[in-house]
Amino acid sequence: MLKQKKILLAVSGSIAAYKAATLIRLYVKEGAEVKVIMTNAAENFIPALTLATLSKNKVFVNLFEGDTWSNHVMLGRWADFMLVAPASCNTIAKMANGICDNLLQAVYLSATCPIFVAPAMDEDMWVHAATQRNILKLNEYGNIIIPVNSGELASGLIGQGRMAEPEDIVKMTKDFFKIKDDLLNKKILISAGPTYEQIDPVRFIGNNSTGKMGIALANECVKRGALVTLVLGPTTEITPNNVNIIRVKSAEEMLNACILNFNEIDIAIMSAAVADYTPNTVATHKIKKKEDFFSIELKKTEDILKHLGGIKTSEQTLVGFALETQNEEENALKKLKNKNADFIVLNSLQDAGAGFGHNTNKITIFGKDGSINYFDLKTKEKIATDIINTILKK
Ligand code: CTP
C-alpha cells in the first residue's frame, strides 16, 4: 500500500520527536521513501543526523542555508502525503493561522498533497479552547487529524495529549490509500441535518439533528470514489471536503435542491431530519406576547423521500431513514413501502448511543427484497461503511 509512496515527515518540537525515528523505520520497511523536515525546536529533541541516517535523505531545517534556498514548493509537490508528527501546540497554532516563519510552515502552506497531523502536547495545552479551535480549523482546511492518546505525559501527569503510537499512525496513513473504487464516478445525493421552519423573523421550528450521520456517509462515498452532492440543513458540524455542498434551511428549500439534482443521481440517501410541518404563514414582524395560550397553524411539508420514490427510475437506488421511538420494525417497513424506497435504515431512540447528536449509532437496514440486516452500536463512520456495503451488495 505504501510501497514507493513519497512521504514528507515534518517533525516539530515536542518530546515525542523521538518517535519520528520509529516512524521513518516503519515507513522505510513498507518500501516508502521518506524526506524529513524539522523545526529548530525539534533539533533539541532528536538530532537531524539520526533522521537523515534512517531516511537516507538530507534533513531540511531552514528556508535558507548559506547561499542555497530550500525549494519548499517542490517539497510539497514531491510528496504523496505530508505527515506532521509530532505536531506541537505552537506548530499547530501557526498552521491554523497561516504563519510562515520556518521551512515547515512554508512547506505546509504550499503543499498540494494530503496532510496528516499527529498532535503531541500536555493535556492542559491540548484541552485549551485555543488549541481545540486550531484543530477544528485544520480539520476545516481538509487536514486529517490523528487522534491523541491518553496516558503518561512528559510532565509526569496522566491524561490526553500523547502522540499516537507510530504503528497506529502508519496504519492510519495506510488505510487512507486503501481507497476502494467501488463507487468510482457514481453520483450520490445525500440529505442531512435538520430543517428550520421560520415562524417570524426571529423564531423557527427546528429539531435536534446535527447532520453527523449524513456527513459520515458523504465522507465514506467520497473515499470510495463517488461524486457526492450533500444537501445540508443548518448545522455547525465540520463539513467534508471534495463534496458539492448545497446549504439549505427549510424543508421546502431541501426538497427543491434534492429534486433539482435527482435526475443524474445513481444513489440518493435521505438522512435529513426534515420538518413534517411548517407554519401556514410566516409573520412579517416579530410576534408579540399577549394571550396566555398561543397556537400556530401548521401545514404539512412535502415528503422529499416519497417524492423521489415517485419519480425514481429502476436504475436509481433510493435509501431512506426511519427514526422511531416505538413499533420500530413495523414503522420502518411501512416507510419502505409507502415511500417506494429500496432500503430503509432504522435507528431507534430507544437504543442508548443511537440517534441525534451522538457520534455512534445502532441501525437495522430493511431492503425492498425482504432482507433485514442488524448492526451493533458503532461510530457513525463505521455505520456509514455498513450502509454503503449493504447498498452495494444489492
Ligand atoms: N423525510 C423526507 N421529507 C419529509 C419527512 C421525512 O424526506 N418531509 C425522509 C427522512 O429524510 C427519512 C424518512 O423520510 O429518510 C423518514 O423520516 P422520519 O422522520 O423517520 O419519518 P416521517 O416520514 O417524517 O414519519 P413520522 O414522523 O410519522 O415517523
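For clarity, every value in this text was computed on a predicted model and none was experimentally measured.

Draft legend 1. Region of interest: the overall build of the protein. Helix and strand counts for the protein stand at 13 helices and 24 strands. Its C-alpha atoms put the protein at 75 × 55 × 40 Å along the principal axes. Burial analysis of the protein (394 residues in total) assigns 48% to the buried set. If you take every contact in the protein between residues at least 6 apart in sequence, the share linking residues at least 24 apart comes to 66%. Summed over all atoms, the accessible surface of the protein reaches about 19,900 Å², with 51% contributed by carbon and sulfur. Across the protein, the centroid of the 45 positively charged side chains sits 2 Å from that of the 43 negatively charged ones.

Draft legend 2. Broad picture of the domain arrangement of the protein. With domains assigned, the protein is organised as domain 1 (6-176) and domain 2 (187-279 + 291-393). Relative placement of domain 1 and domain 2: their C-alpha centres are 38 Å apart.

Draft legend 3. Quick peek at a nonpolar patch on the surface. Residues Tyr277, Phe294, Ile296 and Leu298 make up a contiguous nonpolar surface patch of about 390 Å² in total accessible area. Along the chain, Phe294 turns up in the loop between strand S17 (277-279) and strand S18 (298-300).

Draft legend 4. The packing of aromatic side chains, seen in detail. Scanning the model with the defined rule gives six aromatic pairs in all. With a centroid separation of 6.1 Å and 65° between ring planes, the pair formed by Tyr27 and Phe81 is classed as edge-to-face. Of this pair, Tyr27 sits in helix H1 (residues 19-29) while Phe81 sits in strand S6 (residues 81-87), placing them 54 residues apart in sequence. Each ring, one from Tyr196 and one from Phe204, has its centre 3.8 Å from the other, and the planes form 10°; the classification is stacked. Its relative accessible area of 39% is what places Phe204 among the partly exposed residues. Taken together, the ring pairs in this structure connect Tyr27, Phe81, Phe116, Phe176 and Phe177 into an aromatic cluster. Note that Lys35 overlies the ring of Trp78, its terminal NZ or CZ placed 4.4 Å from the centroid. A cation over a ring is seen here: Lys58 above Phe60, with NZ or CZ 5.8 Å from the ring centre.

Draft legend 5. Here's a closer look at the site of the ligand. Near the ligand, the surroundings consist of 16 residues, among which Met270, Ala272, Leu305, Phe321 and Lys339 are the closest. At a separation of 2.7 Å, an oxygen atom of the ligand approaches a polar backbone atom of Ala272. Between the ligand and Leu323, the relevant distance is 2.9 Å, taken from an oxygen atom to a main-chain nitrogen or oxygen of the residue. Here the ligand, which alone exposes 570 Å², has 78% of that area covered by the protein. Counting residues per element, the ones that place at least two in the shell around the ligand are helix H11 (304-311) and strand S19 (317-324). Of all the elements, S19 adds the most residues to the shell around the ligand, at four residues. Residue composition of the shell around the ligand, grouped by class: nine nonpolar, two polar and five charged.

Calculation notes
- Residues numbered from 1 in each chain as written.
- Predicted model: local features only at pLDDT ≥ 70, side-chain atom pairs only at ≥ 80, totals over all residues.
- Heavy atoms only, no water.
- Helix = DSSP H or I, 4+ residues; strand = E, 2+ residues; numbered from the N terminus.
- Buried < 20%, exposed > 50% of the residue type's maximum accessible area, 1.4 Å probe, protein only.
- Contact = heavy atoms within 4.5 Å.
- Areas by Shrake-Rupley, 256 points an atom, 1.4 Å probe, with all protein chains shown as cover.
- Lys, Arg positive; Asp, Glu negative; His and termini not counted.
- Charge placed at Lys NZ, Arg CZ, Asp CG, Glu CD.
- Domains from an automatic or database assignment.
- Patch = residues over 30% accessible without salt bridge, like charges linked within 9 Å, V, L, I, M, F, W, Y side chains within 5 Å.
- Salt bridge = Lys/Arg side-chain N within 4 Å of Asp/Glu carboxyl O.
- Phe/Tyr/Trp six-rings, centres within 6.5 Å; stacked < 30°, edge-to-face > 60°.
- Lys NZ or Arg CZ within 6 Å of the ring centre and 35° of its normal.
- Near = heavy atom within 4 Å.
- Polar contact = N/O pair within 3.5 Å; in protein donor to acceptor, adjacent residues only side chain to side chain.
- Nonpolar A, V, L, I, M, F, W, Y, C, P; charged D, E, K, R; others polar.

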